[in-house]
Protein chains: 2
Amino acid sequence: ADKDAGKAKSATCVACHGSNGISAIPMYPNLAGQKEAYLAIALKAYRDGTRKNMVMAPMAKPLSDEDIANLAAYYSSLDPSGK
Amino acid sequence: ADKDAGKAKSATCVACHGSNGISAIPMYPNLAGQKEAYLAIALKAYRDGTRKNMVMAPMAKPLSDEDIANLAAYYSSLDPSGK
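Residues numbered from 1 in each chain as written. Chains lettered and ligands numbered in written order. Predicted model: local features only at pLDDT ≥ 70, side-chain atom pairs only at ≥ 80, totals over all residues. Heavy atoms only, no water.

*Asks:* Mind showing me how you'd approach the overall build of chain A here?
*Replies:* Scanning chain A from N- to C-terminus turns up five helices and zero strands. In sequence order, chain A lays out its α and β elements as α-α-α-α-α. Taken across its 83 residues, chain A has 42% of its residues classed as buried. Taking as baseline every contact in chain A between residues at least 6 positions apart, the subset at least 24 positions apart corresponds to 61%. Side-chain charges in chain A split into 10 positive and 8 negative, and the spacing between the mean points of these groups amounts to 7 Å. (Helix = DSSP H or I, 4+ residues; strand = E, 2+ residues; numbered from the N terminus. Buried < 20%, exposed > 50% of the residue type's maximum accessible area, 1.4 Å probe, protein only. Contact = heavy atoms within 4.5 Å. Lys, Arg positive; Asp, Glu negative; His and termini not counted. Charge placed at Lys NZ, Arg CZ, Asp CG, Glu CD.)

Here's what the structure looks like:
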């Protein structure tokens, strides 16, 4: 997977998940340093609706498997403490 | 919420999510330092089925709102880098 492509793709995610992957909003999860495989699983679940979430569904809908792999690689590579 | 009660309740979670909240299994998320409100939202989603997950459903089913609040307080208090 391509972390840089993931970073480019993450522009829409920053608003809720933070520019460093640490969310500024308590309801929204931190993504920095999260497990790569888990991030991909979660994004696919939002895309195919096994996770019902009105905010994440439209975010995930347009993503290809490759976009998802790149986003997962990018966010899992970030420092979990946000530095 | 009561972190210590959360820690006591977390005995069944350790197998997948690690004794320090950092999962040893790539498919399962790290919980350490995650947002407290998000953890409660996720646990309730597993409990009431808005998130379909065969592993987490039976884990979440028996939890009361208080258990969930305590678990969320406990895991969010852990160091995100697992130290």
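Picking up where we left off.
*Asks:* I would appreciate a short explanation of the packing of helix α3 (residues 36–48) of chain A against helix α5 (residues 65–76) of chain A in the present structure.
*Replies:* To describe two helices that pack against each other, one gives the angle between their axes and the distance between the axes. Residues and elements named next belong to chain A. Two elements in contact, α3 and α5, have axes whose closest approach is 8 Å; the angle formed by their N-to-C orientations is 140°. With respect to each other, α3 and α5 are oriented oblique. Crossing geometry of α3 relative to α5 is assigned as right-handed. Along the contact surface, α3 presents Glu36, Leu39, Ala40, Leu43, Lys44 and Arg47, while α5 presents Asp65, Ile68, Ala69, Leu71, Ala72, Ala73, Tyr75 and Ser76. (Axes fitted to C-alpha atoms, helices over the stretch in contact; angles between N-to-C directions. Parallel < 35°, antiparallel > 145°, perpendicular 65-115°, else oblique. Left-handed = near helix turned anticlockwise from the far one by under 90°.)

*Asks:* Explain the relation of the copies chain B and chain A to me, please; I cannot follow it from the model alone.
*Replies:* Here the second copy of the chain follows from the first by a rotation about an axis and a shift along it. Under the fitted operation, chain B is carried onto chain A by 0.0 Å of movement along the axis and a turn of 180°, and the coordinates agree to an RMSD of 0.0 Å. A rotation of that kind, with that shift, is consistent with a two-fold axis. Residue arginine 51 of chain B, judged by its C-alpha, is the member of chain B lying nearest the rotation axis, at 2.4 Å. Counting the interface residues of chain B, we find that 100% of their copies in chain A are interface residues as well, pointing to one common contact surface. (Least-squares fit on C-alpha atoms with pLDDT ≥ 70 in both.)

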